[in-house]
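Close look at the chain arrangement
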Amino acid sequence: MKLVYVFDAYCGWSHGFSGTLREAVSRHPELPVEVVSGGLFTGARRVPIRQFGYVQGANAKIAELTGAEFGEGYERLIADGSFVMDSEAAARGVAALRQAAPDRAAELAAALQNAFYVDGLSLSDPATYRTVAQAAGLDADAVAAAFEAPATRAAAEADFRRGAALGVSGFPTLLAVDGDSIAVLAHGHATADEIDERLAAH
């Protein structure tokens, strides 16, 4: 059995779930973790952030419920309103980081969300991946190069297909996958204890 975490780096609820994911993963070192990017802001949904009027209210609720931090750099992006969230670019970045350190994919996904939601860094900018890679002790040049590589674009598209094939329609979703058996451990929000209970029942 393995854990499959389907998230979107530009999803505030996924950012809020990072702490729970970290706790769940640390409790179950025996379970491999697959991190899959969802495509929340693709196609026609790639518009300036000001067009998503619910963002600040949702973020306040996420912070209250999960303790997640929304930093000054991010707040400046919201205030300006012109920033465009592009989940395809973010998924390429996740794939580039995952390629550099497959066994640290969950940790790196959380680091990427911090880069956006705390520091206000664009997940479409290769420099962001260089920063995250350096902080994680990875080869920053290799990660930045991978972000731009055609194979990484294909990996991002494969992630979107994988999430859909698993039946995931909202983020974040944590699944326990054992062969053909798929159990939902968390959707949107859950505690590590709730995830443990659902794992035990599976």
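Refer to the structure above for everything that follows.
Overview of the structure. (Residues numbered from 1 in each chain as written. Predicted model: local features only at pLDDT ≥ 70, side-chain atom pairs only at ≥ 80, totals over all residues. Heavy atoms only, no water.)

Summed over the entire model, instances satisfying the criterion amount to 12 salt bridges. Linking R153 and E88 is a salt bridge whose minimum nitrogen-to-oxygen distance equals 3.3 Å. Of the two residues, R153 is situated in helix α8 (residues 150–165) and E88 in helix α4 (residues 87–100); the sequence distance between them amounts to 65 residues. When its relative accessible area of 12% is taken as the criterion, E88 is described as buried. Two residues, R92 and E148, come together in a salt bridge whose shortest N-O distance is 3.9 Å. Taken together, the residues R92 in helix α4 and E148 in helix α7 (residues 140–148) connect sequence positions 56 residues apart. Here the residues in one salt-bridge network are E23, R27, D193 and D196, joined through shared partners. (Salt bridge = Lys/Arg side-chain N within 4 Å of Asp/Glu carboxyl O. Helix = DSSP H or I, 4+ residues; strand = E, 2+ residues; numbered from the N terminus. Buried < 20%, exposed > 50% of the residue type's maximum accessible area, 1.4 Å probe, protein only.)

Remark: α4 packs on α8, axes separated minimally by 8 Å, with the N-to-C direction vectors making an angle of 105°. It follows that α4 is roughly perpendicular to α8 by the angle criterion. Touching S87, E88, A91, R92, A95, A96, R98 and Q99 of α4 are T152, R153, A155, A156, D159 and F160, all from α8. Its residues placed into classes, the contact of α4 with α8 shows 6 nonpolar, 3 polar and 5 charged. (Axes fitted to C-alpha atoms, helices over the stretch in contact; angles between N-to-C directions. Parallel < 35°, antiparallel > 145°, perpendicular 65-115°, else oblique. Contact = heavy atoms within 4.5 Å. Nonpolar A, V, L, I, M, F, W, Y, C, P; charged D, E, K, R; others polar.)

Formed by 55 residues in total, the largest nonpolar core has its most connected members in L97, F116 and L174. If one sorts the elements of this core by residue count, helix α5 (residues 105–117) sits on top with 8 residues. Membership of the second largest hydrophobic core comes to 9 residues, among which are V4, C11, V36 and V168. (Core = buried A, V, L, I, M, F, W, Y, C linked by side-chain atoms within 4.5 Å.)

Packing of α4 against α7 leaves a shortest axis separation of 8 Å and a crossing angle of 140°. As summarised for this structure, α4 and α7 are arranged oblique, according to the angle between their axes. Relative to α7, α4 is oriented so that their crossing is right-handed. Only V143, A146, F147 and E148 of α7 make contact with α4, whose side of the interface consists of A89, R92, G93, A96, L97, Q99 and A100. Looking at the contact of α4 with α7 residue by residue, the classes come out as 7 nonpolar, 2 polar and 2 charged. (Left-handed = near helix turned anticlockwise from the far one by under 90°.)

Pairing between the strands of a sheet comes from backbone hydrogen bonds, and it takes one of two forms, parallel or antiparallel. Across the sheet, 4 strands lie side by side as β2-β1-β3-β4; this open sheet has mixed pairing. Whereas interior strands pair on both sides, the edge strands pair on one side only; in this sheet they are β2 (33–37) and β4 (181–187). Recorded for the sheet is a direction-independent mean angle of 25° between the axes of neighbouring strands. Pairing geometry for strand β1 (residues 2–7) and strand β3 (residues 173–178), over 5 bridges, is antiparallel. Its bridge partner lying in β3, V6 is registered against T173. Docked against the sheet, α5 engages β1 and β2, running at close to 35° with respect to β2. With respect to the sheet, helix α9 (residues 192–201) is in contact with β1, β3 and β4, its orientation differing from that of β4 by roughly 165°. (Pairing = 2+ DSSP bridges.)

One ladder, built from 5 bridges, connects β1 with β2; its direction is parallel. What sits directly across from V6, in β2, is V36. For the segment spanning β1, helix α1 (residues 12–27) and β2, crossover handedness is right-handed. (Right-handed = clockwise from strand over helix to strand, strands pointing away.)

It is worth spelling out the side chain of Q113 at this point. Its place among the elements puts Q113 in helix α5. The exposure class of Q113 is buried, given its relative accessible area of 1%. Apart from residues lying up to four places away in sequence, Q113 is in contact with F7, D8, A9, Y10, C11, S14, H15, S18 and V118.

To continue, consider unusual backbone geometry. For the bond running from F171 to P172, omega is -5°, close enough to zero to count as cis. If you trace the backbone, P172 turns up in the loop between α8 and β3.

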